[in-house]
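# Residue-level structural notes
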Amino acid sequence: MERFRHEGGMNEKQLAFSVHLITATGAVFSILAMLAAADAKWSLMFLWLVVAFIVDGIDGPLARRYKVKTHAPQIDGVLLDLIIDYLTYVFIPAFALFRSGLLPGWTGWIAIVAITYGSVIYFADTRMKTKDNSFSGFPGCWNMVAIVIFALKPGLWVSLGLVVVLAAAMFTRLKFIHPVRTERWRNLSLPVAFAWTLFAAWSAWTNFDAGMLVHVGLLLTSVYLIFAGIAQQVIPQRR
């Protein structure tokens, strides 16, 4: 029996450590995205970012399932996740918006400074999570914002206004849901997040020429993911 428990413990440690290894693949996907961005291959860049987004969506539940804090505490999973998130959610999308020409000249400079500077402060803020595992303030998901701008091409002033408003929203008390961890409306939020991922991936795959149906789907799912948390603040929860 003692031998069985020991072997079981080793297996739990191995499983927990493997979750960290899965999370770490995001660093590989981020450099692949950056290499594509350096060659102005924007659709390929976003495809790699979508892959990184999927990994980021599954590693959290796996970490909780296999209790990585208990069985693999030598690796700080939160820090590992934040490092990769800053690359894939912030740094690379900011570079893409600046170099693509969608925000030319001084507007591009405003965007990259607001995105990178504001996000690094936000990521280090210990108050970024609410009691219901949502985010306090816009959580710096600039990869999602950038792919919508690339796909829909709303124009210079709309794009710049969106960046400025969301950068300011990082430092408000407005709530933004985590589709996986926010329990309220999760039965709706998870399918919407899954649909957004499909629309985003298809947009990138078709070099942002996926057609009206995909663009409308991408827009509607984005609006839900942005405003669902704010709606939850306005609409009281039934006890």
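Residues numbered from 1 in each chain as written. Predicted model: local features only at pLDDT ≥ 70, side-chain atom pairs only at ≥ 80, totals over all residues. Heavy atoms only, no water.

## Topic: the packing of helix H2 (residues 42-65) against helix H4 (residues 77-99)
Keep this limit in mind: Where helices are involved, their axes are fitted lines through C-alpha atoms of the stretch in contact, as for all axes, and angles between N-to-C directions lie from 0 to 180°. Secondary structure elements follow DSSP: runs of H or I of four or more residues count as helices, runs of E of two or more count as strands, with numbering from the N terminus. An angle below 35 degrees is treated as roughly parallel, one above 145 as roughly antiparallel, one from 65 to 115 as roughly perpendicular, and anything else as oblique. Left-handed describes a crossing whose near helix is turned anticlockwise from the far helix by less than a right angle; the clockwise case is right-handed. When checking whether two residues touch, look at their non-hydrogen atoms; a contact exists if any pair is within 4.5 Å. Each residue is assigned to one class: nonpolar for Ala, Val, Leu, Ile, Met, Phe, Trp, Tyr, Cys and Pro, charged for Asp, Glu, Lys and Arg, and polar for all the others, Gly among them.
Packing of H2 against H4 leaves a shortest axis separation of 11 Å and a crossing angle of 160°. If you check the angle between H2 and H4, you find them roughly antiparallel. Along this stretch, H2 crosses H4, giving a crossing that reads as left-handed. Residues Trp42, Met45, Leu49, Ala52, Phe53, Asp56 and Asp59 of H2 form the contact with H4, whose participating residues are Asp81, Asp85, Thr88, Tyr89, Ile92, Pro93, Ala96 and Arg99. Of the residues that constitute the contact of H2 with H4, the class distribution is 9 nonpolar, 1 polar and 5 charged.

## Brief notes about helix H5 (residues 105-123)
Owing to its 3.6 residues per turn, the α-helix aligns residues three or four sequence positions apart on the same side. Note the following rule: For a helix, the expected span equals 1.5 Å multiplied by the number of residues minus one. Relative accessibility decides the category of a residue: with a 1.4 Å probe and only protein chains considered, values under 20% of the type maximum give buried, values over 50% give exposed, and everything between is partly exposed. An arc is given here, and it is the one of the directions from the helix axis to the C-beta atoms.
The terminal C-alpha atoms of H5 lie 27 Å apart, and with 19 residues this matches the ideal 27 Å at 1.5 Å per residue to within 8%. Within H5 the residues assigned to the buried category are Thr107, Gly108, Ala111, Ile112, Ile115, Gly118, Ser119, Tyr122 and Phe123. All buried residues of H5 project into a common sector of 170° when viewed along the axis, lining one side. What points out from H5, more than 90 degrees from its buried face, is the exposed set Trp106, Trp109 and Tyr117. Those residues of H5 hidden inside the fold are in contact with H4, strand E1 (135-136), helix H6 (142-152) and helix H7 (156-169).

## Considerations on the packing of aromatic side chains
Under the convention used in this document: Two rings from Phe, Tyr or Trp (for Trp, the six-membered ring) form a pair when their centres sit within 6.5 Å of each other. Planes less than 30 degrees apart are called stacked, planes more than 60 degrees apart edge-to-face, and all others tilted. Criterion for a charge above a ring: Arg CZ or Lys NZ at most 6 Å from the ring centre, at most 35 degrees from the ring normal.
Applying the stated rule across the entire model yields 13 aromatic pairs. On the basis of an interplanar angle of 65° and a centroid distance of 5.0 Å, the ring pair of Phe46 and Phe150 is categorised as edge-to-face. With Phe46 in helix H2 and Phe150 in helix H6, this residue pair connects regions lying 104 residues apart in the sequence. Of the two residues examined, Phe46 and Phe150, each falls in the buried class. Measuring from ring centre to ring centre gives 6.0 Å for Trp106 and Trp157, while their planes differ by 50°; the resulting arrangement is tilted. Taken as a pair, Trp106 in helix H5 and Trp157 in helix H7 lie far apart in primary sequence, 51 residues in all. One exposure class covers both Trp106 and Trp157, and it is exposed. Each residue in the set Trp42, Phe46, Phe150 and Phe208 is aromatic and connected to the rest through ring pairs, giving one cluster. Looking at Arg65, its charged tip hangs above the ring of Tyr66, at a distance of 4.9 Å from the centre.

## Digging into H6
Along H6, 10 of the 11 residues are buried, which leaves the element largely enclosed by surrounding structure. Among the residues of H6, those classed as buried are Trp142, Asn143, Met144, Val145, Ala146, Ile147, Val148, Ile149, Phe150 and Ala151. Contacts from the buried residues of H6 go to H2, H4, H5, H7, helix H8 (186-205) and helix H9 (212-234). Lys153 lies just past H6 and shows a positive phi near 45°.

## Re the packing of H8 against H9
Two elements in contact, H8 and H9, have axes whose closest approach is 9 Å; the angle formed by their N-to-C orientations is 140°. By the criterion of interaxial angle, the relationship of H8 to H9 is oblique. In this structure, the crossing between H8 and H9 has a hand that is left-handed. Side by side, H8 and H9 meet where Leu188, Ser189, Val192, Ala193, Ala195, Trp196, Phe199, Ala200, Trp202 and Ser203 of the first sit next to Val214, His215, Gly217, Leu218, Thr221, Ser222, Tyr224 and Leu225 of the second. Classifying every residue of the contact of H8 with H9 by side-chain character gives 12 nonpolar, 6 polar and no charged.

## Things to note about the side chain of Ser30
By the element assignment, Ser30 lies in helix H1 (residues 2-38). In this structure Ser30 touches Leu87, Thr88 and Ile92, once residues within four positions along its chain are discounted.

## Looking at the nonpolar core
Heads up, the condition is: We call a set of buried residues a nonpolar core when its members are Ala, Val, Leu, Ile, Met, Phe, Trp, Tyr or Cys and they connect through side-chain atoms within 4.5 Å of each other.
In this structure, Met45, Phe46, Phe138, Trp142 and Trp196 are the most contacted members of the largest nonpolar core, which totals 53 residues. Counting residues in hydrophobic clusters, the runner-up holds 5 residues, among them Ala16, Val19, Ala63 and Val68.

## Thoughts on the pattern of salt bridges
Using the following cut-off: Any Lys or Arg side-chain nitrogen located within 4 Å of an Asp or Glu carboxyl oxygen qualifies as a salt bridge.
Under the criterion given, the structure shown has 2 salt bridges. Lys175 is the salt-bridge partner of Asp132, the closest N and O atoms lying 2.8 Å from each other. Of this pair, Asp132 sits in the loop between H5 and E1 while Lys175 is found in strand E2 (residues 175-176), placing the two residues 43 residues apart along the sequence. Given a relative accessible area of 27%, Asp132 falls into the partly exposed group.

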